[in-house]
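The lines below spell out each chain.
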Amino acid sequence: MRRTPVPLLTGTALTVLALGAFAAPVAYANNDGHQNNNNWQALEIFPSSADPGTTVTVNTLACGSHGHGVGDANSLGAGEFQLNPSTHKEVVVGQFTVPHHAKSGTYPISVACDNGKTARGDLFVKHKSPSGHVQTGVGGSVGPDTTQVTAGVAVLAAAAVGGAWLLRRRASGAQEG
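Residues numbered from 1 in each chain as written. Predicted model: local features only at pLDDT ≥ 70, side-chain atom pairs only at ≥ 80, totals over all residues. Heavy atoms only, no water.

For the rest of this paragraph, the subject is the pattern of salt bridges. Scanning the entire structure with this criterion turns up one salt bridge. Put simply, aspartate 51 and lysine 126 hold a salt bridge, and the shortest N to O gap is 3.9 Å. Pair noted here: aspartate 51 is in the loop between β3 (49-50) and β4 (55-60) and lysine 126 is in the loop between β9 (118-125) and α2 (146-176), with a separation of 75 residues, a long-range link. The class for aspartate 51 is buried, based on a relative accessible area of 12%. (Salt bridge = Lys/Arg side-chain N within 4 Å of Asp/Glu carboxyl O. Helix = DSSP H or I, 4+ residues; strand = E, 2+ residues; numbered from the N terminus. Buried < 20%, exposed > 50% of the residue type's maximum accessible area, 1.4 Å probe, protein only.)

Following this line, the structure appears as structure tokens:
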């Protein structure tokens, strides 16, 4: 039977405890890193990381049951948006679209409720990596067109036959003279 050394287990346990101690204060912090108090509530943002053109949904409990609010996405150029009661108890929800001109980065999004409470969260804007075929305007990389391939082969074959004929004619002309 093989025994695991005690120092290995102790070191692993201490590492887990140390990481947990560093992570604990963050668990109680708001989305923007500030400690939660009565002035700011959590604002849930979905998706939390979005591309330009994406519709973003935000919701919060800050406005209370049947509450309303006005969202502020001016930091990223999306302007203000309305939050209204949702089908879930005490949750208000609103949407805005990430502008196409938005640059990559983190943007604060906030909500001011009719009851005087506010909520805040962060949205990370990213840009998609190009995928698929590159549209260069000349040619294509989608797949071979059999007509174009046949025409290309015919041109190459004609050039090869014509070149061989010219070389043979010169060679035969040089021997006669």
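Still more ground to cover, so stick around.
Bringing the state of the cysteines into the picture now. Throughout the structure, instances matching the rule amount to one disulfide. The residue that forms a disulfide with cysteine 63 is cysteine 113, at a sulfur-sulfur distance of 1.9 Å. Between cysteine 63 and cysteine 113 the sulfur-sulfur dihedral comes to about -75 degrees; the bridge is accordingly left-handed. Of the two residues, cysteine 63 is situated in the loop between β4 and β5 (69-72) and cysteine 113 in strand β8 (residues 105-113); the sequence distance between them amounts to 50 residues. Here the two residues cysteine 63 and cysteine 113 agree in accessibility, since each one is buried. (Disulfide = S-S within 2.5 Å.)

Looking at chain direction, β5 and strand β6 (residues 80-85) are connected through four bridges and run antiparallel. Bridge pairing links aspartate 72 to glutamate 80 in β6. Two elements, β6 and strand β7 (residues 92-97), share two bridges in a ladder whose sense is antiparallel. Residue proline 85 lies in a different strand from β7, and its bridge partner there is valine 92. Counting the residues in the hairpin turn of β6 and β7 gives six residues, including glutamate 90, whose phi is positive at 65 degrees. (Pairing = 2+ DSSP bridges.)

The next subject is the packing of aromatic side chains. Tallied over the full model, the rule gives one aromatic pair. Plain terms: the ring middles of phenylalanine 81 and phenylalanine 96 are 4.9 Å apart, the flat faces sit at 35 degrees to each other, and that makes the pair tilted. Taken as a pair, phenylalanine 81 in strand β6 and phenylalanine 96 in strand β7 lie far apart in primary sequence, 15 residues in all. Residue class for phenylalanine 81 comes out buried when judged on its relative accessible area of 5%. (Phe/Tyr/Trp six-rings, centres within 6.5 Å; stacked < 30°, edge-to-face > 60°.)

Interpretation note: all reported values are geometric properties and have no functional meaning in isolation.
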